[in-house]
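Examination of the molecular architecture
Chain residues, written in single-letter form:
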Amino acid sequence: MTTGSLGTTPRYVPGRTVAGTVKMSGNESPSGPVPAAIRAMMNTVGGVNRYPASGSPDLVEALATHHGIPPETVIVGPGSSALLQRLMWVVCAGSGDEILIPRPAFQAYDLFAGQIGVPVRTVPLSPEWSIDLDAFAAAIGPSTRMVVISNPHNPTGTLLDQDSLRRFLTTVPDDVVVVLDEAYIEYAVDGDADAVALAKAHWAYGRDNVVAVRTFSKAYGLAGLRVGYLITPPSLSAAVSGAALPFDVSTVAQAAALASLKSQDSIRARCDLLATDRIRVLTSLWDMGFMPPTSHANHVWLPVGEDATRFEQHCLESGITVLAYPDVGVRITLGSRQDNDLLLNAARAWVSGAGS
């Protein structure tokens, strides 16, 4: 599949919100902001008549300290999606440039590339629903300027380990930027993947083609405030920062993100809680005969193939919304234990024939 004309730019289709149902289609946190973030928002909302600090300097400094990197390598923006779109625009400026992404993947990757008129080439996942790094390495060609890898992967939740990623990065030419999208990394409580550590190591060897992307939308529960950040090599920082709009992250969002970053114990506790129930949900689905891959994210993947749309409708009739990838599978966001029980009840009903 190739996209690249603005006239054919794909539209982003968010997970549905349907009144009277439990939303398990948007990969949002069911927990909301941590208490410190709520207090920070309340303390700053009275000043929204003033423009926010451009470039989010306090948050940049805090993130640099948190990750042990220079502040000039941190770029904060209105969500990791906006930053990724900006990075694509900066890196893929030449005619004939292309971007490699997995398939299936976060559907907005196609959207961002289409908006800037850059063609996308896709690499299928492995039979285990994981990103196939060998296939990615083989697919890189003379026109490839960027490779985007989400880890844990959206929509399947599978995780690549640090050694596999390290080996892959050694195969990538210096003029190809590898973007490691870690929107769900906080939920990978039993994995060792760390794109920031990989980026730092590669920069130390003089290879400045690795970028890490993270967000406050998922584990931190700030999706509605739109705050994300890039960890970029110094050679890219100035260009990506220069492409930003002034005042692009609100004062309230900056304060909430800063308070959340300082609340690591609370964030870790909520991720551990989700991971515990994730095991329960996966085990129950396996016992029913479904074949979801082991997830390290806040969602699970049901590879139900051509039944995906029908399963989505069955779940809606059961009181929950999920996200179908037609003819491939269904992505289901994990919620509270009660929400997850609704999902399991819908799955049991499907297996018993109620969805036929």
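No experiment lies behind these values; they were computed from the predicted model shown. (Residues numbered from 1 in each chain as written. Predicted model: local features only at pLDDT ≥ 70, side-chain atom pairs only at ≥ 80, totals over all residues. Heavy atoms only, no water.)

Okay, the nonpolar core next. By size, the foremost hydrophobic cluster in this structure holds 80 residues, and its most contacted members are Val76, Phe168, Phe216, Leu285, Phe290, Phe311 and Ile332. It is helix α10 (residues 264-288) that contributes the most residues to this core, seven residues altogether. In this structure, Phe290 is in contact with Leu285, Leu302, Val304, Phe311, Ala347, Trp350 and Val351, ignoring residues within four places of it in sequence. Membership of the second largest hydrophobic core comes to 27 residues, among which are Ile75, Val91, Ile101 and Ala108. (Core = buried A, V, L, I, M, F, W, Y, C linked by side-chain atoms within 4.5 Å. Buried < 20%, exposed > 50% of the residue type's maximum accessible area, 1.4 Å probe, protein only. Helix = DSSP H or I, 4+ residues; strand = E, 2+ residues; numbered from the N terminus. Contact = heavy atoms within 4.5 Å.)

A few words now on the domain arrangement of the protein. For the protein, the assigned domains read domain 1 (22-31 + 264-351) and domain 2 (35-260). Summing the contributions of domain 1 and of domain 2, the shared interface buries around 2100 Å²; its carbon and sulfur component is 60%. Between the two partners, domain 1 and domain 2, sit zero salt bridges. Looking at the side of domain 1 that touches domain 2, the elements with two or more residues in it are α10 and β9 (299-302). Per-element accounting of the side of domain 1 that touches domain 2 gives the leading share, nine residues, to α10. Split by residue class, the side of domain 1 that touches domain 2 holds 10 nonpolar, nine polar and five charged. (Domains from an automatic or database assignment. Buried area = accessible area lost by both parts, 1.4 Å probe. Salt bridge = Lys/Arg side-chain N within 4 Å of Asp/Glu carboxyl O. Nonpolar A, V, L, I, M, F, W, Y, C, P; charged D, E, K, R; others polar.)

Let us now look at the confidence of the model for the protein. For the protein, the mean per-residue pLDDT works out to 93, and 94% of the residues sit at or above 70. In this model residues 1-7 is a low-confidence stretch, pLDDT under 50, and it forms 20 contacts with partners more than four residues away in sequence or in other chains. (pLDDT = per-residue confidence, 0-100.)

A cis geometry characterises the amide bond from Arg103 onward to Pro104, with omega recorded as 0°. Its place among the elements puts Pro104 in the loop between β3 (98-103) and α4 (108-115). The amide bond that connects Asn154 to the next residue, Pro155, takes the cis arrangement and shows omega of 25°. When you line up the elements, Pro155 lands in the loop between β5 (144-150) and α6 (162-171). At Ser56, a residue that is not glycine, the phi angle is positive and equals roughly 50°. In this structure, Ser56 sits in the loop between α1 (35-44) and α2 (57-67). The phi dihedral of Phe247 is positive, around 55°, even though this residue is not glycine. One can find Phe247 in the loop between α8 (234-242) and α9 (251-261).

Taking 1.5 Å per residue as the helical rise, helix α3 (residues 80-91) with its 12 residues ought to reach 16 Å, and the 16 Å between its terminal C-alpha atoms agrees with that figure. Regarding α3, the residues found buried are Ser80, Ser81, Leu83, Leu84, Arg86, Leu87, Met88 and Val91. (Expected span 1.5 Å × (residues − 1).)

Looking now at the pairing of β9. Of the two faces of β9, both are covered, the one formed by His299 and Trp301 as well as the one formed by Val300 and Leu302. Here β9 runs beside strand β12 (residues 329-333); their pairing, made up of four bridges, is antiparallel. The partner of Val300 across the bridge, within β12, is Ile332. (Pairing = 2+ DSSP bridges.)

Judged by pairing direction, the sheet is mixed, and its seven strands sit side by side in the order β2-β8-β7-β6-β5-β3-β4 without closing on themselves. With partners counted over all chains shown, the strands left at the sheet margins are β2 (74-77) and β4 (120-124), one partner each. Between one strand axis and the next, the sheet turns by 20° as a mean value, whatever way the strands run. The strands touched by α4 are β3, β4, β5 and β6 (177-181); relative to β3, the strand with the most contacts, the crossing angle is about 165°. Packed on one face of the sheet, α6 meets β5, β6 and β7 (210-215) and runs near 160° to β6. (Axes fitted to C-alpha atoms, helices over the stretch in contact; angles between N-to-C directions.)

Strand order in the open sheet formed by three strands is β9-β12-β11, with antiparallel pairing between adjacent strands. Sheet topology places β9 and β11 (323-325) at the edges, where each strand pairs with a single neighbour. Neighbour-to-neighbour, the strand axes of the sheet open up by a mean angle of 20°, direction not taken into account.

Attention now goes to the packing of α10 against helix α12 (residues 337-351). At a closest axis distance of 10 Å, the pairing of α10 and α12 adopts a crossing angle of 5°. Taken together, the axis directions place α10 and α12 in an arrangement best described as roughly parallel. Along the contact surface, α10 presents Asp277, Arg280, Val281, Ser284, Leu285 and Met288, while α12 presents Arg337, Asn340, Asp341, Leu343, Leu344, Ala347, Arg348 and Val351. When grouped by side-chain class, the residues that make up the contact of α10 with α12 number seven nonpolar, two polar and five charged. (Parallel < 35°, antiparallel > 145°, perpendicular 65-115°, else oblique.)

Bringing the packing of α6 against helix α7 (residues 195-204) into the picture now. Where α6 contacts α7, the axes come no closer than 11 Å and their chain directions differ by 35°. At the point where α6 passes α7, the crossing takes the right-handed sense. Residue-level contacts link Gln162, Leu165, Arg166, Leu169 and Thr170 of α6 to Ala197, Leu198 and His202 of α7. Partitioning the contact of α6 with α7 into residue classes produces four nonpolar, three polar and one charged. (Left-handed = near helix turned anticlockwise from the far one by under 90°.)

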